[in-house]
Amino acid sequence: MANPVEELIIELLTELGNKETLSPNQVAKTINAENWRRQLPQVRAAIGQLVEAGRIEVVRKGKVVEFDGIRGIWRIRLAGAA
């Protein structure tokens with residue numbers, strides 16, 4: 001995994017534990033607390049790659065959902081953490 005954002009996401013999720021979730025905003029704020037909104041496209045792209053690789057899951061209201069085209073409030077967790 002050469003992408004530093006992907007590595008950061010996995011690191012943050014590992015630190016949280018198996019049943020915990022993380023929002024994309026939290027990841028972006030870890031990268032740049034002041035201009036975190038500018039980081040969101042990069043964070044979202046990294047999440048897409050990790051979902052595709054089967055390393056993380058996207059969760060909405062406690063249920064795993066598809067990442068493609070997702071809008072609104074959603075979070076991520078390590079794959080198989082349910």
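Keep in mind that what you see is a predicted model, and the values were worked out from it rather than measured. (Residues numbered from 1 in each chain as written. Predicted model: local features only at pLDDT ≥ 70, side-chain atom pairs only at ≥ 80, totals over all residues. Heavy atoms only, no water.)

1. Observations concerning helix α2 (residues 24-31)
For step 1, the next point in the chain: Taken together, the buried positions of α2 are occupied by Pro24, Val27 and Ala28. Take α2 and look down its axis: the buried residues cluster within an arc of 95°, on one side only. (Buried < 20%, exposed > 50% of the residue type's maximum accessible area, 1.4 Å probe, protein only. Helix = DSSP H or I, 4+ residues; strand = E, 2+ residues; numbered from the N terminus. Arc of directions from axis to C-beta.)

2. Notes on the pattern of salt bridges
For step 1, the next point in the chain: Applying the stated criterion across every chain, the model contains one salt bridge.
For step 2, the next point in the chain: The partner of Glu57 in a salt bridge is Arg77, and the shortest N-O contact between them spans 2.9 Å. Here Glu57 is found in strand β1 (residues 56-60), whereas its partner Arg77 is found in strand β3 (residues 75-78), with 20 residues between them in sequence. The exposure classification of Glu57 matches that of Arg77, with both residues buried. (Salt bridge = Lys/Arg side-chain N within 4 Å of Asp/Glu carboxyl O.)

3. Points about the layout of surface pockets
For step 1, the next point in the chain: If you add up the space inside the largest pocket, you get close to 160 Å³.
For step 2, the next point in the chain: As for the largest pocket, its lining consists of Ser23, Pro24, Asn25, Leu40, Arg44, Gly72, Ile73, Trp74 and Arg75.
For step 3, the next point in the chain: Counting only elements with at least two residues in the lining of the largest pocket, the list comes to α2 and α3 (36-52). (1 Å grid on protein atoms, 1.4 Å probe; cavity = no way out; pocket = protein on both sides within 12 Å on 5 of 7 lines; lining within 4 Å. Points joined across faces, edges and corners; volume = space filled by probe spheres on them.)

4. Examining the side chain of Glu57
For step 1, the next point in the chain: Its relative accessible area of 18% is what places Glu57 among the buried residues.
For step 2, the next point in the chain: A polar side-chain atom of Glu57 sits 3.2 Å from the main-chain amide nitrogen of Gly80.
For step 3, the next point in the chain: If we ignore the near neighbours within four places in the chain, the residues touching Glu57 are Val64, Arg75, Ile76, Arg77, Leu78, Ala79, Gly80 and Ala81. (Polar contact = N/O pair within 3.5 Å; in protein donor to acceptor, adjacent residues only side chain to side chain. Contact = heavy atoms within 4.5 Å.)

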